[in-house]
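One-letter residues, chain by chain:
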Amino acid sequence: MNSSDIMYFDNASTTKVDDEVIDSMLPFFKDYYGNASSSHKYGSNIKKEIEISKQKVADLINSKTKEIIFTSGATESINMVLKGITKTNSKRNQIITVSTEHSAVLDTCLFLENQGIDIVYLPVKSSGIIDLEELNKIIGLQTLMICIMLVNNETGVIQPIKEITDLAHKHGALMFTDATQAIGKIKVDVLSLDVDFMAFSAHKFHGPKGIGALFLKEQLIKNFNSLIHGGGHQDGLRSGTLNVTGIIGLAKACEIAKVQVETSKQIEELRNELENELLKIDGTYINGDIEKRICNISNICFPSIDSDVLINRLDTICVSNGSACTSALIEPSYVLKAMGLSNEDAFSSLRFSLSKYTTKKEVTFLIEKLKQIITYLTSLKHV
Ligand code: PLP
């Protein structure tokens, strides 16, 4: 398949790397390939570039450079926090999370549950947002940490992280947010959110794959348990030779995102156009809160239409659903199920996720194509 045939509406899954990002990385493959930990001049020049990159990442989220750890991505950052922190406090043994978190959180929590940690899974309302009252009832002196994502990857719904953080801190608990889907779409400021930890990946906002970061509040660094031991890189917090090209690319993506968050209006307009047209199809509805969500995701239910059939018929137009293959069974999206959808409606829902590269022409094409397919599939039912 030729990549020029593709119409890409799956940007919540991963994004096209920005040309400027690629250009920034190339010299570090070709000419400046040294090890940032080497003590010779060549190595120390690369170390300086790493420091400049760290500043760019810190600038995007309003943190200090010493509060940034480079990792292989959000999954690793999430594992580091959840596994690292549970070893630090023997009196508090509870982590509160949400049933609609990404599997990187849920699977790590399951692992910890098997190690004897008390994990509480909060439900969500039909909007996909948590009920603060529910959280208030559960949190207590036993709570070590709250772990709640800033933006959901299937619906784009934004959780009230500042309110949750305030509640966590009031009870002496820590606050961790997975901001993987938020960075590059909304302004993310760790100081005003007041979170203690935050995870994200470069490839979700036009950076390269396999690189990400963990924000770790300065006061917590000394008690933090490393997950990866070795040569003592990154102050012993995450050993392993630095992924120099990845870090340079991540920093460039952050630099671009800092100015482009404001231009997300254009993406939102296209998303709304897509949504308004698709909602004209009989019975369709949006999954998740319409107001409190990011600009580029739309999750729509097309009742009685199998989303796998739609994905198949859309062919080179890439969209996604949250269904998962476990063993031989296809399971409906657990996120949509947690929001109260029936199995049937969850199986009939599609996620469209746009980016700065999405064009009006592509949106118009997608609308027409979907309308055609749905008209055809509906006509088969009436034969
Ligand atoms: N968290 C969220 C909300 C995500 O959407 C993803 C990726 O899909 C991850 C975590 C994991 O990111 P990565 O695969 O880059 O480690």
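As shown above, the structure is provided for reference.
Residues numbered from 1 in each chain as written. Predicted model: local features only at pLDDT ≥ 70, side-chain atom pairs only at ≥ 80, totals over all residues. Heavy atoms only, no water.

(A) Molecular detail of the packing of aromatic side chains. Taken as a whole and judged by the stated rule, the model has six aromatic pairs. Seen in terms of ring centroids, Phe302 and Phe352 are 6.4 Å apart; in terms of plane orientation they differ by 80°. Their pairing is edge-to-face. One end of the pair, Phe302, is in the loop between strand S10 (297-301) and helix H10 (307-314); the other, Phe352, is in strand S14 (residues 349-353), with 50 residues separating them in the sequence. Assessed through its relative accessible area of 0%, Phe352 is described here as buried. Through a chain of ring-to-ring contacts, three or more aromatic side chains come together here, namely Phe176, Phe197 and Phe224. Across from the ring centre of Tyr357, 5.3 Å away, lies the NZ or CZ of Lys16, which sits over that ring. In this structure, Lys83 is placed above the aromatic ring of Phe111, and the distance from its NZ or CZ to the ring centre is 4.7 Å. (Phe/Tyr/Trp six-rings, centres within 6.5 Å; stacked < 30°, edge-to-face > 60°. Helix = DSSP H or I, 4+ residues; strand = E, 2+ residues; numbered from the N terminus. Buried < 20%, exposed > 50% of the residue type's maximum accessible area, 1.4 Å probe, protein only. Lys NZ or Arg CZ within 6 Å of the ring centre and 35° of its normal.)

(B) Representation of the sheet that holds S14. Taken in spatial order, the three strands line up as S9-S10-S14 in an open sheet, and their pairing is antiparallel. Strand pairing shows two members of the sheet lacking a second neighbour, strand S9 (285-286) and S14, which therefore form its edges. Against the sheet, helix H9 (residues 264-278) touches S9, S10 and S14, its axis set at about 10° to S10. (Pairing = 2+ DSSP bridges. Contact = heavy atoms within 4.5 Å. Axes fitted to C-alpha atoms, helices over the stretch in contact; angles between N-to-C directions.)

(C) Up close: the pattern of salt bridges. One pass over the full model with this rule turns up 17 salt bridges. Of the charged contacts, one joins Lys56 and Glu255 as a salt bridge, the two residues approaching to 3.3 Å between their closest N and O atoms. Of this pair, Lys56 sits in helix H2 (residues 41-61) while Glu255 sits in helix H8 (residues 244-260), placing them 199 residues apart in sequence. A relative accessible area of 34% places Glu255 in the partly exposed class. A salt bridge links Glu218 to Lys66; the shortest N-O distance between them is 2.9 Å. Of this pair, Glu218 sits in the loop between strand S8 (212-216) and H8 while Lys66 sits in the loop between H2 and strand S2 (68-71), and the two are 152 residues apart along the sequence. (Salt bridge = Lys/Arg side-chain N within 4 Å of Asp/Glu carboxyl O.)

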